[in-house]
Protein chains: 4
Amino acid sequence: MRIAINTGGGDAPGLNAAIRAATLAALKRGWEVLGIKNGYGSIYTDEPFITLDEQAVQGITLQGGTILGTANRGNPFEMPYEKEDGEWGTKDVSDQLVNTFKEHEVDALIAIGGDGSMNIASKLIKKGLDIVGVPKTIDNDIYGCDVTLGFDTAISIATEAIDRITTTAESHHRLMVVEVMGRYAGWIALYSGIAASADVVLIPEIPFSYDSIVEKIKEREAKGRHYTMIVVAEGAKEQDGELVTKGKTVGQEVQLGGIADRVANKLSERTGKESRSVVLGHLQRGGSPSTYDRLISLRFGAAAIRCVQEHDFNKLVVLQDNQLKRIPITSIAEKMKSVSLESDTVQTARDIGICLGD
Amino acid sequence: MRIAINTGGGDAPGLNAAIRAATLAALKRGWEVLGIKNGYGSIYTDEPFITLDEQAVQGITLQGGTILGTANRGNPFEMPYEKEDGEWGTKDVSDQLVNTFKEHEVDALIAIGGDGSMNIASKLIKKGLDIVGVPKTIDNDIYGCDVTLGFDTAISIATEAIDRITTTAESHHRLMVVEVMGRYAGWIALYSGIAASADVVLIPEIPFSYDSIVEKIKEREAKGRHYTMIVVAEGAKEQDGELVTKGKTVGQEVQLGGIADRVANKLSERTGKESRSVVLGHLQRGGSPSTYDRLISLRFGAAAIRCVQEHDFNKLVVLQDNQLKRIPITSIAEKMKSVSLESDTVQTARDIGICLGD
Amino acid sequence: MRIAINTGGGDAPGLNAAIRAATLAALKRGWEVLGIKNGYGSIYTDEPFITLDEQAVQGITLQGGTILGTANRGNPFEMPYEKEDGEWGTKDVSDQLVNTFKEHEVDALIAIGGDGSMNIASKLIKKGLDIVGVPKTIDNDIYGCDVTLGFDTAISIATEAIDRITTTAESHHRLMVVEVMGRYAGWIALYSGIAASADVVLIPEIPFSYDSIVEKIKEREAKGRHYTMIVVAEGAKEQDGELVTKGKTVGQEVQLGGIADRVANKLSERTGKESRSVVLGHLQRGGSPSTYDRLISLRFGAAAIRCVQEHDFNKLVVLQDNQLKRIPITSIAEKMKSVSLESDTVQTARDIGICLGD
Amino acid sequence: MRIAINTGGGDAPGLNAAIRAATLAALKRGWEVLGIKNGYGSIYTDEPFITLDEQAVQGITLQGGTILGTANRGNPFEMPYEKEDGEWGTKDVSDQLVNTFKEHEVDALIAIGGDGSMNIASKLIKKGLDIVGVPKTIDNDIYGCDVTLGFDTAISIATEAIDRITTTAESHHRLMVVEVMGRYAGWIALYSGIAASADVVLIPEIPFSYDSIVEKIKEREAKGRHYTMIVVAEGAKEQDGELVTKGKTVGQEVQLGGIADRVANKLSERTGKESRSVVLGHLQRGGSPSTYDRLISLRFGAAAIRCVQEHDFNKLVVLQDNQLKRIPITSIAEKMKSVSLESDTVQTARDIGICLGD
């Protein structure tokens, strides 16, 4: 048996642990393991693979990023290429991809990635590849997964950052706005905001009103607490529905951002208090994984190999109800896991006095 | 409504977060909150309570220990006292305890503790107290709980410690034996051992044989890996069943210990390699809680208050199948949650080549 | 003897440790200690002081910020006030300040702060106050001080952040630009850049050329290193001398910023590579101090009291040549400690292949 | 020019940073760099060296241990060997060592190590080798060095550990005794004890009396502080002068230890309070170096190459008066840097109320 491993999309803490567990579990069964370099985009280059042996994966559990590399040119159905006129276009190279796997006698593919990667996997399955998926995203918003690899590290980094910034807010009697990742779901903002004793948490699931935040600030002032910590997800929305995030082009990609500044400025205008904003950005996705992320990543990686062994393909290995389960990769397409407003976590936030902007 | 909060048994990271959430959630409902100082033993002293208001719980989420204090004289059914002849005996002061609650018009008790505390709670319930329990132990071995508060911090500390000691083992070509907590269950050893890429993990659930460990060491030497990391739970047992832990009296209590030294010495004799042992001990239970422990503790504390509000008493708030649930406090008595040898975590350990001593 | 303690300017990790050591050392000598709330601006309010006793300073060594609070209205010679026409002006309230100290029978003042605070202290000395200074700034740029309290924590936080972001840069083959504090001196950028193995470090002392950075990037690409980590001090300057930082008004103050984005964009244009920027901002100044900062802060605080005891006033307690010394507060006025281009640290940076932009 | 690098004695955080800086600085000058595998003991094996190129030292700054390995068989003047009768003896293989360097055309040796390694270096110099030394020990007791690489990490780990254990001591009203390294000098105990707000610090330089500790405990009880944190260096001595450390043979070496248990037991007997002891042991020497240790190690490593370039041999690169200097390696022989009882650090400890046992 020969398998290939791919890591797609943005990096997340735990990718290397998943690669290591999958590799060791496969080697233990006497299989061969290939790693796809820098995503599918490399598959029709001269050296698309590296051989993954025991040496290659030694000591990588605690390393951030992915030893395979990951690419923005990761979608074989829309692979960017430079046209003769110098413009950039995209073309479908998925057949080449499938053929390359055939030529290299790859029996199965372990696809580690987020919803984008799983959508690609779904299409590749239709083209005959045998795939097992591993759910990865620091945003924790993949449908059908109680938790994704990278999330625990992201909230741990965000929580420590909010802790630090809180002491400055308190010393300077300021409003401090900390922007964390989460374009469509508020998991990081909600969990780190609760853990770090934030006063206000703004998430995409709950369009917010400045009035409610100002009220919270005044309530705190009345208690002699002359500072307020506000955690905002990058995808948080004002109740008037205006798009608050402004696109900014850096390199070849569009970055969202700007909500923290906007909230800081509006609240200063409304309250006359000093405010500052901090955007954690890439701090949340890099570096050594937390103990929890190491564990869940190793469990996911090993479980994926057990799927292959049982020829139980086209499944995504997930944690559900505190148990490892397998769900069809296709079942998560076009879906997303948002924060439920009825969840006990949201109730907890309200119970301990956090303003959610509504 | 007036509630009292007690923290019993050994301290664990997250106790203060649970106290804070329960206090804020109760105050939000217009209730009064009393904290029991240093456990039930104080209940018939002059000042058994402190008043818990917003000020008292500010900023304590990230503090280790418990602001209430905890005591070894925490069992009202066997309260130690000094007899006239100077000897120590125990007596049942539970009726005094119940009366004190009546006198102070305490309507409900939030009991935060481990199995010992829940056994006490079960008996107090029979005497008419209305109690809601919150599961606490770094050992993670309370029956019916997927996770207990304090566990994630304990494995995080243990994992970082094993990481550090591994670099020394590798540089010096040594056998390193790290002893972690876990008298009856191997959760800390297994989870931290996997996360820190240990080579051997010994837990109470799997009596171990030195032969299998020596084999693992030789296998590694053959691969040019001249060091081996061994993580052992304090309650790990040799296959011959001999009790390997020797009691040592410090202060008024008996401490277990000694398994790490014993394993280190035996393996040196068997392999001729240098070995060292480190006992993490109290390092694992103190200090600031991890982000996960802050969250689960805050969720437990707030959920306990919702139980009280619904007059749903004599329940333990637990996390099951990734959801907060309530189970009868009496249902966990005389039971313990051991590591299942069929769990995917044990399979993961074997899949990535960890020797479990069997 | 009765002393007062003031913390001025921006907060820094270690302020509370200095307050604690000064307080305990004074109490040990049987003195009284007053803390000035929120800076000199409070001195003519009803409650300008809090009493600092053993209880007040317990356990604060590891807390970030300052328990006294610090204010932007901290300059008694230019105290902001609202005029009748609603405009804001400033007035000299220094005589009131001196009188308030007399009324409260304050014999000496411990002024903990940066160059701004020491300039104020110099003027107050001329008005007859007996002052001992303690040097505080995360920027480490106070003249005559080998190190200031807060600096070690700032570089530790920055280093960990750069570590994390490096794994993302490597996985995504990106240029990553991390902006750290340092408007006039490059200490944080240079020290964290070296410690975190950055490839390029840009500091105010060395105006930089994009050509040299692009050359470094190409050199790395040629070696198969498809990413480059760039650390830039907020006060770094391009060789053409154009002011690259754009002012942004938030609350009542002007914040610098923007250099990271500018560098990221220019380098993307020049190399065609993706780039991202992260501004660490307030992350660097808050939170629990490092072990080194706890020590140096405690040493400074205790040393200040020994100055008072010896009536050796108008001195700044400093670390010079690895020894605690005392220099006239007036001696640092109008001066700044820049990075020496001949220092072994700069040589080290060049020796290990870091591009300094020149 | 061809140089060789050796790491001798116990590992310390920062060794790899020193190796990396020396290697990169040498390569930059067009030299060749060899690394000695596992210490001098390997020098007359088949493969005594590994080639150190840019690839070999990439990303190792933050790795603990030493990529070269270190050995207990590191003394070429007393190299252990097994005699025909099976007993172990030692012989002088230093001439072989010198010859091997000649054969491999090694022009200079960078010896990274502690006083033991420098004594060996002194003898090798007499035999004609050109050596530059780099001072390494977590104990910080090398004569002529203000600081050694590894020390800052050791006190940071010890401080965090004491922080954690303090919360348990406080919650349980216990005496907690934490044993840190330091057989002959009390640097780690003093610095971590001050930084972590310990109540009692016992160091080899100050023989201690139980009476003074008991007095401190009672004084704290009287203030309502029912716990006491005691930090003891492994080499601390009782005033009666009895040797309190008991040898324990593990593997081939004698480990000191036992002082913590002894102090804990004695103080329990004397005060009737519960006590616990924790021995940090190897936790203090392994793992990723602190930011300060990364910096000082990189500076030392690069400075050593500048020495070689200037043919300024037989020198130890040291930090003195906050500047990198060079002192004769022979000048530190038979000497040790103890804690000065007149130092401001000891004064600081007394000023903030720490009992030093005298």
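Please read all numbers here as calculations on a predicted model, not as lab measurements.

S.K.: How would you explain the interface of chain C and chain D if you had to name every residue and give the values?
M.R.: The interface is formed by 43 residues belonging to chain C together with 43 residues belonging to chain D. Across the chain C/chain D interface, buried area totals approximately 3,800 Å², and carbon plus sulfur atoms make up 47% of it. Our count for the contact surface shared by chain C and chain D stands at 12 salt bridges. Salt-bridge contacts for Asp 351 of chain C lead to Arg 306 of chain D; the nearest nitrogen and oxygen are separated by 2.7 Å. Counting across the chain C and chain D interface gives 26 residue pairs in polar contact (both at pLDDT 80 or more). For the side of chain C that touches chain D, the secondary structure elements donating two or more residues are helix H1 (15-28), helix H4 (151-172), helix H5 (187-195), helix H8 (291-309) and helix H9 (344-351) of chain C. Considering only residue class, the side of chain C that touches chain D consists of 16 nonpolar, 11 polar and 16 charged.

S.K.: Describe the pairing of strand S13 (residues 275-279) of chain B, with residues and values.
M.R.: Residues and elements named next belong to chain B. By the criterion of burial, S13 is predominantly enclosed, with four of the five residues buried. Pairing of strand S8 (residues 175-180) with S13 involves five bridges; the strand directions are parallel. Bridge pairing in S13 links Glu 179 to Val 279.

S.K.: I'd like a description of the UniProt feature "active site" (unreviewed entry) in chain A, backed by residues and values.
M.R.: Residue and element names in this part refer to chain A. Feature annotation in UniProt places "active site" (unreviewed entry) on Asp 139, given in this structure's numbering. Turning to its location among the elements, Asp 139 is positioned in the loop between strand S7 (131-135) and helix H4 (151-172). A relative accessible area of 18% places Asp 139 in the buried class. If we ignore the near neighbours within four places in the chain, the residues touching Asp 139 are Phe 151, Met 181, Gly 182, Trp 187 and Ile 188.

S.K.: Tell me about a negative patch on the surface, and name the residues and values.
M.R.: A cluster of acidic residues, Glu 82, Glu 84, Asp 85 and Glu 87 of chain A, forms a negative patch at the surface. Position of Glu 82 of chain A among the secondary structure elements: in strand S4 (residues 79-82).

S.K.: How would you sum up helix H8 (residues 291-309) of chain B? Please name residues and give values.
M.R.: Its 19 residues give H8 of chain B an end-to-end C-alpha distance of 27 Å, which sits within 8% of 27 Å, the value for a rise of 1.5 Å per residue. Within two residues after H8 of chain B, His 311 of chain B carries a phi angle of roughly 50°, on the positive side.

S.K.: Lay out the packing of aromatic side chains with the relevant residues and their values.
M.R.: As enumerated under the stated definition, the model contains 18 aromatic pairs over all chains in all. Over the ring of Tyr 227 of chain A we find Arg 220 of chain A, and its NZ or CZ is 4.8 Å from the ring centre.

S.K.: Which residues make up the relation of the copies chain C and chain D, and what values do they have?
M.R.: Each copy of the sequence occupies a distinct position, and chain C is placed on chain D by a rotation of 180° and an axial shift of 0.0 Å, giving an RMSD of 0.0 Å. Such a combination of rotation and displacement between the chain copies is what one expects of a two-fold axis. Measuring from the rotation axis to each C-alpha of chain C, the shortest distance belongs to Asp 321 of chain C, at 1.8 Å. Here 100% of the interface residues in chain C have copies in chain D that are interface residues too; the copies meet face to matching face.

S.K.: An account of the sheet that holds strand S14 (residues 315-320) of chain A is needed here, citing residue identities and associated values.
M.R.: Residues and elements named next belong to chain A. Taken in spatial order, the seven strands line up as S3-S2-S1-S6-S7-S14-S15 in an open sheet, and their pairing is mixed. This sheet does not close on itself; its edge strands, each paired only once, are strand S3 (49-51) and strand S15 (323-328). Strand-to-strand, the axes of this sheet are offset by a mean angle of 30°, without reference to chain direction. The strands touched by helix H8 (residues 291-309) within the sheet are strand S1 (2-7), strand S6 (108-113), S7, S14 and S15, with S14 carrying the most contacts at an inclination of about 140°.

S.K.: Can you lay out the packing of H8 of chain C against helix H9 (residues 344-351) of chain D for me, pointing to particular residues and giving the numbers?
M.R.: Two elements in contact, H8 of chain C and H9 of chain D, have axes whose closest approach is 9 Å; the angle formed by their N-to-C orientations is 80°. Considered as vectors, H8 of chain C and H9 of chain D are oriented roughly perpendicular to each other. Two secondary-structure elements touch here, H8 of chain C through Leu 298, Arg 299, Ala 302 and Arg 306 of chain C and H9 of chain D through Asp 344, Thr 345, Gln 347, Thr 348 and Asp 351 of chain D. Split into classes, the residues belonging to the contact of H8 of chain C with H9 of chain D amount to two nonpolar, three polar and four charged.

S.K.: Which residues make up the packing of helix H1 (residues 15-28) of chain A against H8 of chain A, and what are the values?
M.R.: Residues and elements named next belong to chain A. Remark: H1 packs on H8, axes separated minimally by 7 Å, with the N-to-C direction vectors making an angle of 35°. Handedness of the H1/H8 crossing: right-handed. For the pair H1 and H8, the contacting residues are Ala 17, Ala 18, Arg 20, Ala 21, Ala 22, Ala 25 and Ala 26 in the first and Arg 294, Ser 297, Leu 298, Gly 301, Ala 302 and Ile 305 in the second. Looking at the contact of H1 with H8 residue by residue, the classes come out as nine nonpolar, two polar and two charged.

Reading guide: rules and limits
- Residues numbered from 1 in each chain as written.
- Chains lettered and ligands numbered in written order.
- Predicted model: local features only at pLDDT ≥ 70, side-chain atom pairs only at ≥ 80, totals over all residues.
- Heavy atoms only, no water.
- Contact = heavy atoms within 4.5 Å.
- Buried area = accessible area lost by both parts, 1.4 Å probe.
- Salt bridge = Lys/Arg side-chain N within 4 Å of Asp/Glu carboxyl O.
- Polar contact = N/O pair within 3.5 Å; in protein donor to acceptor, adjacent residues only side chain to side chain.
- Helix = DSSP H or I, 4+ residues; strand = E, 2+ residues; numbered from the N terminus.
- Nonpolar A, V, L, I, M, F, W, Y, C, P; charged D, E, K, R; others polar.
- Buried < 20%, exposed > 50% of the residue type's maximum accessible area, 1.4 Å probe, protein only.
- Pairing = 2+ DSSP bridges.
- UniProt positions renumbered as here; feature names shortened; annotations may be inferred.
- Patch = residues over 30% accessible without salt bridge, like charges linked within 9 Å, V, L, I, M, F, W, Y side chains within 5 Å.
- Areas by Shrake-Rupley, 256 points an atom, 1.4 Å probe, with all protein chains shown as cover.
- Lys, Arg positive; Asp, Glu negative; His and termini not counted.
- Charge placed at Lys NZ, Arg CZ, Asp CG, Glu CD.
- Expected span 1.5 Å × (residues − 1).
- Phe/Tyr/Trp six-rings, centres within 6.5 Å; stacked < 30°, edge-to-face > 60°.
- Lys NZ or Arg CZ within 6 Å of the ring centre and 35° of its normal.
- Least-squares fit on C-alpha atoms with pLDDT ≥ 70 in both.
- Axes fitted to C-alpha atoms, helices over the stretch in contact; angles between N-to-C directions.
- Parallel < 35°, antiparallel > 145°, perpendicular 65-115°, else oblique.
- Left-handed = near helix turned anticlockwise from the far one by under 90°.

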